[in-house]
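# A structural walkthrough
So the chains spell out like this:
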Amino acid sequence: MKVNVLFFGMLIEKAGGSTVIVENVQNLSELKFKLETQYSFLDEMNYLVAVNQEVVQDNIELNENDEIALLPPYAGG
Amino acid sequence: MEQTKTKKKPKKVFIEGAISPQFIADSIAKHSTKTDIGAHNIFMGQVRADVIEGKEVKAIEYSAYAEMAEKELHNIRESAFEQFDLTCMHIYHSLGTVKAGEISFFVFVSSKHRDECYKASRFIVEEVKAKAPVFGKEIFDDGTHIWKKND
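Report on the accompanying structure. Residue positions are given per chain, counting from 1 as you read along its sequence in written order. Chains carry letters from A onward and ligands carry numbers from 1 onward, assigned in written order. At least 70 in pLDDT is required for a residue's local features to be given in this predicted model, at least 80 for side-chain atom pairs to be given and counted, and no such filter applies to totals for whole chains, interfaces and linings, which use all residues. Where side-chain values are given, they derive from all heavy atoms of the structure, hydrogens and water being excluded.

Next up on the list: the pattern of salt bridges. All names here are of chain B. We define a salt bridge as a side-chain nitrogen of Lys or Arg found within 4 Å of a carboxyl oxygen belonging to Asp or Glu. Tallying each qualifying case throughout the model produces 7 salt bridges over all chains. Asp-50 is the salt-bridge partner of Arg-48, the closest N and O atoms lying 2.8 Å from each other. Each residue is placed in one exposure class: buried if its accessible area under a 1.4 Å probe, protein chains only, is under 20% of its type's maximum, exposed if it is over 50%, and partly exposed if it falls in between. Take Arg-48: its relative accessible area is 56%, and that puts it in the exposed class. Its salt-bridge partner being Arg-122, residue Glu-126 comes within 3.0 Å of it at the nearest N-O pair. Taken together, the positions of Glu-126 and Arg-122, both in helix α3 (residues 114–131) and 4 residues apart, correspond to about one turn of that helix. What makes Glu-126 partly exposed here is its relative accessible area of 39%. Residue Arg-122 is classed as exposed on the basis of its relative accessible area of 55%. Among the charged side chains, a salt-bridge network with shared partners connects Asp-115, Glu-116 and Lys-119. Secondary structure elements are taken from DSSP: a helix is a run of H or I of four residues or more, a strand is a run of E of two residues or more, and numbering for both begins at the N terminus.

Here it is, written out as structure tokens:
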């Protein structure tokens, strides 16, 4: 299945773009592994993962066209 | 009566550029007809000209995961209304470039009495800082930048 990955803030700069489509992933662990392989800078970065706009800590199953956001540290307020 | 406890209605949160003193003054003025209010509390976040490694911050360029930020803000608003006896509440945040000395964050709570206002204001500010996916690029006078992080 395929999911849409969104980068924000400094991750856009590091990834060289704000979105990427990742195919053949069933769950969040697989996706993170794929992303960390492709974008090695993620390894040493502090970021949160949101699935369809909700922060997720566990390894959940993903669904077709889920929106996965990688969120670097917040700076609002 | 868009400002009273309309719990489900999505609210405008983001403002392009700085939040002007006029906008804040107008927000205050709009409450003069709500005579059950006895106390307002306003928090404003202003862009600080920090000096980092000898370079001075001239502006912050804000960006956000807007759909998620709006959901988080909605939850924070609901939670504040549940915990505190508020008459109304407004939260605004800038997107785009805000220069040092300008306002980028505006929280405005109103209640019958001061105690609820003080507590709610603090709660909302801390929650927004911790939960709203807003990102800030601190731009120096020489054009370079670093990414800001909340403590």
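Let us look at the interface of chain A and chain B. Taken together, the contact pairs 18 residues of chain A with 23 residues of chain B. With both sides pooled, the region where chain A packs onto chain B buries about 1,800 Å², and carbon together with sulfur makes up 61% of that total. When the buried area of chain A at its contact with chain B is split by residue, Gln-53, Tyr-74 and Gly-77 of chain A rank highest and sum to 40% of it. Counting across the interface, chain A meets chain B through 0 salt bridges. We call two N or O atoms a polar contact when they sit within 3.5 Å, provided that within protein one can donate a hydrogen and the other can accept it, with sequence-adjacent residues counted only if both atoms are side-chain atoms. At the junction of chain A and chain B, the tally comes to 8 residue pairs in polar contact (both at pLDDT 80 or more). Ranked by the residues each element gives to the side of chain A that touches chain B, the list is headed by strand β5 (residues 67–71) of chain A, at 3 residues. The classification used treats Ala, Val, Leu, Ile, Met, Phe, Trp, Tyr, Cys and Pro as nonpolar, Asp, Glu, Lys and Arg as charged, and all other residues, Gly among them, as polar. Of the residues assigned to the side of chain A that touches chain B, the class counts are 11 nonpolar, 5 polar and 2 charged. What makes two residues a contact is simply this: any of their non-hydrogen atoms within 4.5 Å. When two parts are put together, the accessible area they lose, computed with a 1.4 Å probe and summed over both, is reported as buried area.

Bringing the layout of surface pockets into the picture now. Residues and elements named next belong to chain B. Considering only enclosed or pocket space, the largest pocket measures out at about 540 Å³ in volume. Both site types are read off a 1 Å grid over the protein atoms alone. A 1.4 Å probe that fits but cannot get out defines a cavity, while an open set with protein on both sides within 12 Å along at least five of seven lines defines a pocket; lining residues have an atom within 4 Å of a point. Residue lining of the largest pocket: 28 residues in total, with Lys-129, Lys-148, Lys-149, Asn-150 and Asp-151 positioned closest to the centre. For the lining of the largest pocket, the elements supplying multiple residues, two or more each, are β2 (39–46), β4 (55–64), α3 and β8 (145–148). Grid points are joined across faces, edges and corners, and a volume is the space filled by probe spheres set on the points.

As a further point, take the nonpolar core. Residue and element names in this part refer to chain A. Buried Ala, Val, Leu, Ile, Met, Phe, Trp, Tyr and Cys residues that are joined via side-chain atoms within 4.5 Å together make up what is termed a nonpolar core. Val-5, Leu-31, Leu-35, Ile-68, Leu-70 and Leu-71 are the most contacted members of the largest nonpolar core, which totals 33 residues. Those elements that place two or more of their residues in this core are β1 (2–7), α1 (10–15), β2 (19–23), α2 (28–38), β3 (48–51) and β5. Residues in contact with Ile-68, not counting those within four places in the same chain, are Val-3, Asn-4, Val-5, Leu-6, Leu-28, Leu-31, Val-49, Ala-50, Val-51 and Leu-62.

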